[in-house]
Amino acid sequence: MDILNLEGAEDTPKIILDKGNGIFEISGRSLPEDSAEFYQPILDWIEAYGEDPNPATNFVFKLEYFNTASSKLILDVLSALEDIDGMAITWYFHEDDEDMEEAGEEFSELVEIPFEFKTY
Amino acid sequence: MKYVYDLHNTMLNHNLILVYEGEFTQEITKSILSMAERNMDSLGEESSIKRKVFNVMVEALQNIVKHGDDIGEGLSANRAIFIIGKNESQYQIVSGNSVKSETADKLKDKIDQINSLDKDGLKSLYKDIIRNNKLSEKGGAGLGFVDMARKSGSKLEYSFESVEGDISFFSLKTTIERF
């Protein structure tokens, strides 16, 4: 399956979705002008991946910042991941960023996927 | 040309470190954000405060970008003001834009509701909205004010000045304590 690889920018996160190498990561800053448009290819990719996923998937969020419109789409991403067997989330936050830690905890309460929290 | 000196003095007297008046777009939002970030970096601002200021700025600026043209086409459509104030103990993020009076009523209700909630109340309101709301046509999640209140930890201050007809000028101030 094709690799989805988007370079990050000052207002969009870096995305790597690579089934073959088992790398699934969203990192950086997310405040795009149109968050629905930005996240659509990611949601499409996850839907296709869900047809024939790896036995186990570790999906990494390593976000420095996201705006509220992105938070809605991140929940959509998590909801799409929720339907895939063997899914686990690793949620990174900067060690002094309590708000990002709390955001991860809130997402973990909204979906039925195991979350692991790590600092960087 | 005295207005230049007056404006300069107004900025100094109100401790304003940045004032932008004009059209608001995503490109301008990014420029203002990077200016403010550089400013805070050069002053050695603490990273947790920087993040909070950045957070509130993004929501305030994107509110204007998304809703600035709600009053329709015309001279003042999509023109608004954005201000950052800073004194020894706090940052103030201020935005001002024209709205229709029906919008003004909705905004008042929404902000009053948010201001009536404590930390836990804001958290449950946030979760309720993110779980149940769809993105608006303009791509907003309906979470901007809630997030500004949560990240700043302070009440949102607002005022409406009547402009003309059914148009009001909506000013919103969020305060972030530095210590």
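Residues numbered from 1 in each chain as written. Chains lettered and ligands numbered in written order. Predicted model: local features only at pLDDT ≥ 70, side-chain atom pairs only at ≥ 80, totals over all residues.

A closer look at the overall build of chain B
Thinking step 1. When helices and strands are tallied, chain B shows six helices and five strands.
Thinking step 2. Here the C-alpha radius of gyration of chain B, 16 Å, is about what a compact globule of 179 residues would show, namely 16 Å.
Thinking step 3. A separation threshold of at least 6 residues defines the contact pool for chain B, and within that pool the share at least 24 residues apart is 64%. (Helix = DSSP H or I, 4+ residues; strand = E, 2+ residues; numbered from the N terminus. Rg over C-alpha atoms; globule rule 2.2 N^0.38 Å. Contact = placed C-beta atoms within 7 Å.)

A few points about the interface of chain A and chain B
Thinking step 1. At the interface, 19 residues of chain A touch 20 residues of chain B.
Thinking step 2. Top contributing element to the side of chain A that touches chain B by residue count: helix α2 (residues 68-82) of chain A, with five residues.
Thinking step 3. The residue inventory of the side of chain A that touches chain B, partitioned by class, reads six nonpolar, four polar and nine charged. (Nonpolar A, V, L, I, M, F, W, Y, C, P; charged D, E, K, R; others polar.)

Quick word on the confidence of the model for chain B
All names here are of chain B.
Thinking step 1. Counting all residues, the mean pLDDT for chain B is 91, and 94% of those residues have values of 70 or more.
Thinking step 2. Across chain B, helix α6 (residues 144-152) holds the top mean pLDDT of 96, while strand β1 (residues 16-23) sits lowest at 92.
Thinking step 3. Two summary scores accompany this predicted model of the complex, namely pTM at 0.92 and ipTM at 0.91. (pLDDT = per-residue confidence, 0-100.)

Concerning the sheet that holds strand β2 (residues 14-18) of chain A
Residues and elements named next belong to chain A.
Thinking step 1. With mixed pairing, the six strands of this open sheet are ordered in space as β1-β2-β3-β4-β5-β6. On the outer flanks of this sheet lie β1 (4-6) and β6 (115-119), each paired with one strand and no other. Shown here is a sheet whose adjacent strand axes are inclined to one another by a mean of 15°, direction ignored.
Thinking step 2. In terms of strand pairing, strand β3 (residues 23-30) meets strand β4 (residues 57-66) through seven bridges, oriented parallel. (Pairing = 2+ DSSP bridges. Axes fitted to C-alpha atoms, helices over the stretch in contact; angles between N-to-C directions.)

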